[in-house]
Amino acid sequence: MFKNYLKIALRNLSRHKIFSAINILGLAIGIAGCLLILQYVRFELSYDSFNNAENIYRVRLDQFANNTLVFKSSENYPGVGPALKKELPEVLEYARLYNLGSKNNVVITYNDAPGEPIMFKHRRFLYADSSFLPMFDYPMVMGDAKTALKDPLTMVISESYAKKYFGDENPIGKFLHLKDDDYNDELCKVTGVVIDPPPNTHLKFDVLISYKTLYTRGDWAPGRYGTTWQRKDMYTYITVKPGTDQTALEAKFPAIVDKYNPGLAEQNRRDELSLQPLKEIHLYSHLTDEAEINGNGDAVYFLLIIAVFIVIIAWVNYINLSTARAMERAKEVGLRKVVGAFRSQLIRQFLAESLLVNFFAVLLAVALVILSLNYFNQLAGLSFSWPLWSEPWFWGALVGLFVCGTLLAGGYPAFVLSSFQPITVLRGKFSRSSQGNFLRKILVVLQFAASAALLVGTFVVHDQLSFMNSQDLGFSMEQMMVVERPGIASRDREQRGKDVEAFKNMLKENHNISEVTAANTLPGKKMRFKTGVRKFTATPEEEVQFTFSGIDYDFIDTFDMEVIAGRKFDKSYPSDEDTAAVITASAAKMLGFANPEDAIGKTLAISRFRWNPIIIGVLKDYHQESLKLETNPTLFYMSFSSPEYFYMKVNTAGLQGAIEHVSASWTEVFPGNPFHFFFLDDYFNKQYETDQKFGQLFSIFAGLAIFIASLGLFGLSAFTTRQRTKEIGVRKVLGARISTIILLLSKDVFKLVVIANLIAWPLMYYIMNRWLEDYAYRVDINWTLFLIAGAAVLLMALATISYETFRAATRNPVDSLKYE
């Protein structure tokens, strides 16, 4: 019997090729788009899905001074982990990580390699407690995760770097030299090799060094890195007992802070500890000192909504086209019932047709996914070493979409068509029923509403991204080449200063380099340090928090920063090196100065450093970070002996020559340091990568959804127009003009579009306003965007139906009257 159903289904599909093609293509595009988005969403939601991840938390630190928030930091004190484990029975273990994403100039060398020593400058490294590897359950290629980092001067390296350093040799027991500008030539023993961290973790590393290595750096080291609550530069993770209530556990933290860090209240300071579930860090944590730029949970769920929209629009198309053919198939149903067919048999017949359409759509969808996967992964920033179709979830989702499409999209037409009464349809009275027509109008309105909503969303996202890319940042970063400080440098401060000046002077000798400067700050990276600042005559309670950084004499000019009052640092004023400060406009305002000019010559008090600088200049506010964040009040001081970054403004026409000159100068002044550079605009714009990916994916899949809706509308209009062929012929015989007939056939669509926009506009205004709340600097949602989106949907709809409408209106009335 089932075989017979399939034969009849194939016969019906081949008899109505256009409608079958529209159904199959629409469903295939919908399924393929949904699968691609699900891949991206699944990847983003899978971050840090280690074993026992539900019981792992990161301890965050919020610092307040004078009841003003200073930092919301992902880092913490070294003593927090040990204190929590000691005081709270719910805490089973802690793991501290140090140096990731901050002190990123470490050179590790294998001196025993055949030939020249093998040397790499590492940015993805950290010092880790011995509990880290077992806590996060990283698979070991060699060595024991529980003991690999137990002893001082031991090291675990990633599988890829094991090959880079040792080739095919066994690395266990071999020694690598760790060198930086503080502690040269620490000999570390390789005790383990770990698989490369997967791309879906916020902790990406190439080298792990035992935390106890920090204790070997002097008698003072255990106190500085062990249980102190004075320095804030450790990531702290804890494992808790299964079933632990997070809120109840956090309620015990204030007492622990008071016990281990007393005296904060006397300084008008307050520390607040709280927990971040490990799996929520990537999408929902945007704190100071994050290990990497995290994702956006709202954007991920926006895309998931689009995936649902796409596949629902495709299913609606199928329902619309199937029910639109109801009158055509009514007589077929009537005749089948007259000759003895049961309703259940008719339902199975129509479901067989739905199954066949969805089966062909699934095959085409898989082909579309295979063809577009590499492009999509590149666009979404995904990188997989395994094919998508090797993933069980992919086939589960595919089967789920197939079954849902067959039953949900095919089920309603099957039950509607099989319910026709044979006497009614054979007498021709069914054609006057309006129930099916009303349902189709509702579904078409929903399609148009989804299309209008997606268009508005696309316009708003595009406007916000364009706004961020075109905003004046308050500084220039064009053609700015950046080199990070050397990992290996002199331990003598004076000698370091001489080396810095020698390097800068050598760079200036090249005609392709127009300006050179050095500083401790990098635009696009959050300034690590804040300090309390007040007027010299103010009370400690009036202290406000500023970010601060050291720069050299040329920094302000090189970055084209605008001095709005006073002057910049100047070599002709020797006292600038010790007593001068330049602040931003927002800093002057926070200090209580009505105008920037009023701040010039005033003395500040910075109790943390027992320093009383004099304000010599005020800069226009600039954006140190992305426009998602407010500008920070900032203080600059003179510093040129130990800069973190060197900046060179280069001539793009002579770029290669400039790079070669910088590399040669680097090697001469800082021997033994690998040379690496990047361009500031590339680095700064990485902050917008997540937003740009979201904007591109949103636009593409919104376009797909609208295309699928257009396919369905085209098929529906073709069928509807065909049903009214005789009516059109009569109207033409009676003298109706072509324009009148086109208007007649189009006005219903116009009404549906208007209703759809009235539904979509308020909804999208609310949703996009919520999305824009994440941005400190954002566009206003202009009402013209809604009109443009509405007009675009109307034009799309009219263009879609225009072919069939014009064809029907210009048809010979004699042929029209012969129709049927």
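The coordinates are above.
Throughout what follows, the structure given in this document is the object of discussion. Position numbers for residues start from 1 in each chain and track the written sequence from start to end. Two thresholds apply to this predicted model, a pLDDT of at least 70 for residue-level local features and 80 or more for giving and counting side-chain atom pairs, whereas whole-chain, interface and lining totals are computed over all residues. Remark: hydrogens and water are excluded; side-chain values derive from all non-hydrogen atoms of the structure.

With that out of the way, let us pick up the packing of aromatic side chains. Planes of paired rings set the category: under 30 degrees apart is stacked, over 60 is edge-to-face and the rest tilted, where pairs are Phe, Tyr or Trp rings (Trp by its six-membered ring) whose centres lie within 6.5 Å. With the rule as written, the count across this model stands at 50 aromatic pairs. When the ring of W666 is compared with that of F670, the centres are 5.0 Å apart and the planes differ by 55°; the resulting orientation is tilted. With respect to class, W666 is no different from F670; both count as buried. Within the aromatic cluster, the residues linked to one another by ring pairs are F475, F555, F559, Y622, F636, Y647, F684 and Y688. Each ring is checked for a lysine NZ or an arginine CZ that lies within 6 Å of its centre and within 35 degrees of its normal; such an atom marks a charge sitting over the ring. The ring of F64 is capped by R270, whose NZ or CZ atom sits 4.0 Å from the centre of that ring. Only protein chains enter the area calculation, which uses a 1.4 Å probe; residues under 20% of their type maximum are buried, those over 50% are exposed, and those in between are partly exposed.

Time to look at a nonpolar patch on the surface. A patch consists of residues whose relative accessible area exceeds 30% and which take part in no salt bridge; residues with like charges are grouped when within 9 Å of each other, and nonpolar side chains (Val, Leu, Ile, Met, Phe, Trp, Tyr) when within 5 Å. For the area figures, the Shrake-Rupley method with a 1.4 Å probe applies, and any residue is considered shielded solely by the protein chains shown. By convention in these notes, a salt bridge is any Lys or Arg side-chain nitrogen within 4 Å of a carboxyl oxygen on Asp or Glu. A cluster of nonpolar side chains, contributed by L10, F359, F360 and L363, occupies part of the molecular surface with about 350 Å² of accessible area. Considering each element in turn, the nonpolar patch owes the most residues, 3 residues, to helix α12 (residues 343–380). What counts as a helix is a DSSP run of H or I of at least four residues, what counts as a strand is a run of E of at least two, and both are numbered from the N terminus. Position of F360 among the secondary structure elements: in helix α12. The exposure class of F360 is partly exposed, given its relative accessible area of 32%.

The definition of a nonpolar core used throughout is a set of buried Ala, Val, Leu, Ile, Met, Phe, Trp, Tyr and Cys residues joined through side-chain atoms within 4.5 Å. Residues F448, F475, F569, Y647 and W771 are the most contacted members of the largest nonpolar core, which totals 121 residues. The biggest single contributor to this core is helix α15 (residues 435–470), with 15 residues.

For strand β1 (residues 56–65), the buried fraction is high: 10 of the 10 residues fall into the buried class. Every second residue of β1 is oriented toward a common face, with I56, R58, R60, D62 and F64 on one face and Y57, V59, L61, Q63 and A65 on the other, all of them buried. For β1 and strand β13 (residues 269–277), the ladder comprises 9 bridges, and the chain directions are antiparallel. Note on β13: the bridge partner recorded for R60 is S274. Strands qualify as paired when DSSP identifies two bridges or more between them. With 5 bridges joining them, β1 and strand β2 (residues 68–73) adopt antiparallel strand pairing. For Q63, the partnering residue across the bridge sits in β2 and is F71. Taking the residues between adjacent antiparallel strands as the criterion, β1 and β2 are bridged by 2 residues, where N66 takes a positive phi near 50°.

Over its 15 residues, helix α21 (residues 655–669) extends 21 Å from the first C-alpha to the last, a length consistent with the 21 Å expected when each residue adds 1.5 Å. Listed as buried for α21 are A658, I659, H661, V662, S665, W666 and V669. The arc enclosing the buried residues of α21, seen along the axis, measures out at 165°, which places them on a common side. Those residues of α21 that are exposed and angled more than 90 degrees off the buried face are Q656 and E668. The inward-facing, buried residues of α21 contact β14 (480–484), α16 (493–508), β15 (513–519) and β23 (645–650). Here, expected helix span is obtained from the residue count minus one, scaled by 1.5 Å. The arc in question is the one spanned by the directions pointing from the helix axis to the C-beta atoms. Two residues qualify as a contact provided that any one of their heavy atoms is within 4.5 Å of a heavy atom in the partner residue.

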